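Structural overview for review
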Amino acid sequence: MTDQPRRMKVLQAIVEDYVASREPVGSKALVERHNLGVSSATVRNDMADLEDEGLIAAPHTSSGRIPTDKGYRYFVDRISEVRPLSAAEKRAVQALLDNSDDIDDMMAATVQVLSQLTRQVAVIQYPHMDSSVIRRVEFVLLSEDRMLAVLILSTGRVDQRVVYLGQTVDQPTLDVLAQVFMKYLDNVSPYNLTRALMDVHAAIPQEHQALAKSLGKALELLAEAGHRDRILMAGTANLARSPQDFSHSIGPILETLEEQVVLLKLLTEMENDAHGLSVRIGDENFGSLGDTSVVAAGYGPGDVAKIGVVGPTRMDYPSTMSAVRAIARYLSRILSS
């Protein structure tokens, strides 16, 4: 993008004004409200270039422009610093969470305060807090193309699943693969299994990659069956306060949040950036959540579980990112103390 710093300022100004007002933004208003140091004509040219690049768009026949999902993504990726919470916000968070003795009460209080800080739907992935680890993995051949995957945990729990392989295989091959799997999975928490499988697959010879992926998927399903996370939520009424921020009805979004399965999958897949955050915007999300933005951060041991917010793409990203990261860090400190 030529004249990139100036156009970034123009895009930032459009995002800030549109988030604040929900009104399309024109060049004259930008020059009046922001110290851009250029004429209205120059800003109009910059806006035309931003529109050509798909970063802003004209809604209907309006003379103003609004950010697109791509524009929000460009803006978020260039947030260089996530500000800390104000002293008053920190005191409010501390007072609420410090008064929660029971972990269930603390989790409920956490999503409540995050929803209040961001005025969005707050969600927290609430895993079963046990200390079990993987002790043994077995692959037992049942027929030429069918086998039993067995996952044994340190608690003595044994889960097993029949796997249809779609290819013929022998027991010695399965035994060798089981040894490779155990090299990387021994003593690993079921919560970290998906990450550990990346190391497993990197160590598997090319001729066994397809088979190893089937085996790994079976182990993931076994781990998930034994450790069902759940989602705690607060502030769903915030979605109903601004239905005009969504291109379709908010009904499917509310249904997806209520069902939790899609949201759990999304949170599990979100990887933290350099700020310790993950932001998914618009159609980067699954299904009906494609009309929303999700800002999340990991918390607890290994930052495996996530806490975050779900809201419209017209979101105050800097403030939301600040609140999510601060709450995640505070919760991690409490859980580790």
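Up top you'll find the structure we're talking about.
Criteria and thresholds
- Residues numbered from 1 in each chain as written.
- Predicted model: local features only at pLDDT ≥ 70, side-chain atom pairs only at ≥ 80, totals over all residues.
- Heavy atoms only, no water.
- Helix = DSSP H or I, 4+ residues; strand = E, 2+ residues; numbered from the N terminus.
- Buried < 20%, exposed > 50% of the residue type's maximum accessible area, 1.4 Å probe, protein only.
- Contact = heavy atoms within 4.5 Å.
- Areas by Shrake-Rupley, 256 points an atom, 1.4 Å probe, with all protein chains shown as cover.
- Lys, Arg positive; Asp, Glu negative; His and termini not counted.
- Charge placed at Lys NZ, Arg CZ, Asp CG, Glu CD.
- Axes fitted to C-alpha atoms, helices over the stretch in contact; angles between N-to-C directions.
- Left-handed = near helix turned anticlockwise from the far one by under 90°.
- Nonpolar A, V, L, I, M, F, W, Y, C, P; charged D, E, K, R; others polar.
- Phe/Tyr/Trp six-rings, centres within 6.5 Å; stacked < 30°, edge-to-face > 60°.
- Pairing = 2+ DSSP bridges.

1. Focus: the overall build of the protein chain
Tallying secondary structure elements over the protein chain gives 13 helices and ten strands in all. C-alpha extents for the protein chain along the principal axes are approximately 75 × 50 × 35 Å. Sorting the 337 residues of the protein chain into buried and exposed places 47% on the buried side. At a minimum sequence separation of 6, the contacts of the protein chain that also span at least 24 residues come to 60%. If you sum the accessible surface of the protein chain, you get close to 16700 Å²; carbon and sulfur atoms cover 48% of it. Averaged over its 34 positive side-chain charges, the protein chain has a centre that lies 5 Å from the centre of its 44 negative ones.

2. Considering the environment of E220
Tracing the chain through its elements places E220 in helix 9 (residues 209-226). For the pair E220 and I56, spaced 164 residues apart in sequence, the C-alpha separation works out to 41 Å. Apart from residues no more than four positions distant in its own chain, E220 is found in contact with L193, T194 and L197.

3. Concerning unusual backbone geometry
Positive phi, close to 65 degrees, is recorded for R22, a residue that is not glycine. Here R22 lies in the loop between helix 1 (4-21) and helix 2 (27-33). Among the residues examined, R22 registers a relative accessible area of 29% and is labelled partly exposed. Although it is not a glycine, N187 sits at a positive phi angle of roughly 70 degrees. Residue placement: N187 occurs in the loop between helix 7 (171-185) and helix 8 (193-203).

4. Describing the packing of helix 5 (residues 87-98) against helix 13 (residues 317-336)
Helix 13 packs onto helix 5 with a crossing angle of 35 degrees between their chain directions and a minimal axis gap of 12 Å. Here helix 5 and helix 13 pass one another in a crossing that is right-handed. Here V93, Q94, L97 and D98 of helix 5 lie close against helix 13, whose contacting residues are I327, Y330 and I334. Across the contact of helix 5 with helix 13, the residue classes break down as five nonpolar, one polar and one charged.

5. Quick word on the packing of aromatic side chains
In the structure shown here, the tally under the stated rule is two aromatic pairs. Between Y72 and Y317, the ring centres sit 5.5 Å apart and the planes meet at 50 degrees, which makes this aromatic pair tilted. In this pair, Y72 sits in helix 4 (residues 69-77) while Y317 sits in helix 13, placing the two residues 245 residues apart along the sequence. Looking at Y72, the relative accessible area reads 1%, which means it is buried. Accessibility expressed as a relative area gives 0% for Y317, which makes it buried.

6. Quick look at the sheet that holds strand 5 (residues 146-153)
A sheet is described by the order of its strands in space; here three strands give the open sequence 4-5-6, paired in antiparallel fashion. Each having just a single partner strand, strand 4 (134-143) and strand 6 (158-164) make up the two edges of the open sheet. Strand-to-strand twist across the sheet, computed as the mean angle between neighbouring axes with direction ignored, equals 20 degrees. In the sheet, strand 5 pairs with strand 6 via seven bridges, with the strands oriented antiparallel. When the bridges of strand 6 are listed, L151 appears paired with D159. Sitting on the sheet, helix 7 touches strand 4 and strand 5, and the angle it makes with strand 4 is about 165 degrees.

7. Some points on the pairing of strand 9 (residues 292-299)
Of all eight residues making up strand 9, eight are buried, and the element is well covered by its neighbours. Of the two faces of strand 9, the one carrying T292, V294, A296 and G298 and the one carrying S293, V295, A297 and Y299 are both buried. Both strand 8 (residues 278-281) and strand 9 contribute to a ladder of four bridges, which runs antiparallel. Following the sheet pairing, V279 is matched in strand 9 by V295.

8. A word on the environment of L50
Mapping L50 onto the fold places it in helix 3 (residues 40-52). Overall, the relative accessible area of 0% leaves L50 in the buried class. For L50 and V10, which are 40 residues apart along the polypeptide, the C-alpha to C-alpha distance reads 8.9 Å.

These results come straight from atomic positions and should not be treated as a statement about function.
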